[in-house]
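Structure at a glance
Residue strings, one per chain:
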Amino acid sequence: MTLLQVMADGDRDEVLLRTTDLATIAAELAPFNITLEQWDTVELSDSAGQEEVLEAYKADVEKVAKQGDYRLVDVVRMKPSDDPEWPALAKGAREKFLNEHTHDEDEVRFFVEGKGCFYLHLSGKVYAVVCERGDLMSVPAGTTHWFDMGSTPEFCAIRFFQEEDGWVAGFTGDGISSRMPTLDELV
């Protein structure tokens, strides 16, 4: 379920809006030039690799890449595994993005499967946007945010970049992310 929960930035319990209505979500994000749209989805095998995923969404990927001058496109997949090292890998991946930060270029993600939550810290509020299969989220460069993939990450996403190092985070040092509900708590 695609979800938006808006909270006062000083109080996780002060929920100002909670909705799954896509038109309302888009309207709430539009003043910040943040877009959320949905693509038709394609059935892929659980083991689909980068080439297969990109080929399945080729027309949409090419359109977004051209519009945003995104020269690099890749696929990231997190999926529970029986590998004894998986819990540590998942924890490390999650923690990497949990602190508030900005990027020098747009952050654009299409969810092929699974879910994740973008937290956008804007105008004294936190906009928690839970994205799921079929959602394309575009967050402009310089937007203060963080991302939670949940305690048991399970998603596949197409990522768009203008430069190879465009996703490098500039951390703000604000601990607000630790004071907001996690993805697991939101859903």
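Values in this document were obtained by computation on a predicted structure and should not be read as measured data.

Cut-offs used in this document
- Residues numbered from 1 in each chain as written.
- Predicted model: local features only at pLDDT ≥ 70, side-chain atom pairs only at ≥ 80, totals over all residues.
- Heavy atoms only, no water.
- Helix = DSSP H or I, 4+ residues; strand = E, 2+ residues; numbered from the N terminus.
- Contact = heavy atoms within 4.5 Å.
- Areas by Shrake-Rupley, 256 points an atom, 1.4 Å probe, with all protein chains shown as cover.
- Lys, Arg positive; Asp, Glu negative; His and termini not counted.
- Charge placed at Lys NZ, Arg CZ, Asp CG, Glu CD.
- Buried < 20%, exposed > 50% of the residue type's maximum accessible area, 1.4 Å probe, protein only.
- Phe/Tyr/Trp six-rings, centres within 6.5 Å; stacked < 30°, edge-to-face > 60°.

Looking at the overall build of the protein
Secondary structure summary: the protein contains five helices and eleven strands in total. In terms of overall dimensions, the protein has a C-alpha envelope of 45 × 40 × 30 Å along the principal axes. Sequence separation of 24 or more characterises 74% of the internal contacts of the protein that already satisfy a separation of 6 or more. Here the protein has roughly 9500 Å² of accessible surface; of this, 46% comes from carbon and sulfur atoms. In the protein, the 17 positive side-chain charges and the 37 negative ones have mean positions that sit 0 Å from each other.

Looking at the side chain of Glu107
Considering the arrangement of structural elements, one finds Glu107 in strand 6 (residues 107–122). According to the relative accessible area criterion, Glu107 is buried, its value standing at 9%. The contact partners of Glu107, leaving out residues within four places of it in the chain, are His101, Phe118, Met137, Ser138, Val139 and His145.

Details of the packing of aromatic side chains
Scanning all chains against the criterion turns up eleven aromatic pairs. Pairing Trp39 with Phe110 gives two aromatic rings, centres 4.2 Å apart and planes at 25°, and the pair type is stacked. Here Phe110 lies in strand 6 and Trp39 lies in the loop between strand 3 (35–38) and helix 2 (50–56), a separation of 71 residues in the sequence. Taking the relative accessible area as the measure of exposure, Trp39 reaches 9% and is therefore buried. Taking the centre distance of 6.2 Å and the plane angle of 75° together, the rings of Phe147 and Phe155 count as edge-to-face. Its relative accessible area of 10% is what places Phe147 among the buried residues. Given the relative accessible area of 5%, Phe155 is considered buried. Each residue in the set Phe111, Phe118, Phe147 and Phe155 is aromatic and connected to the rest through ring pairs, giving one cluster.

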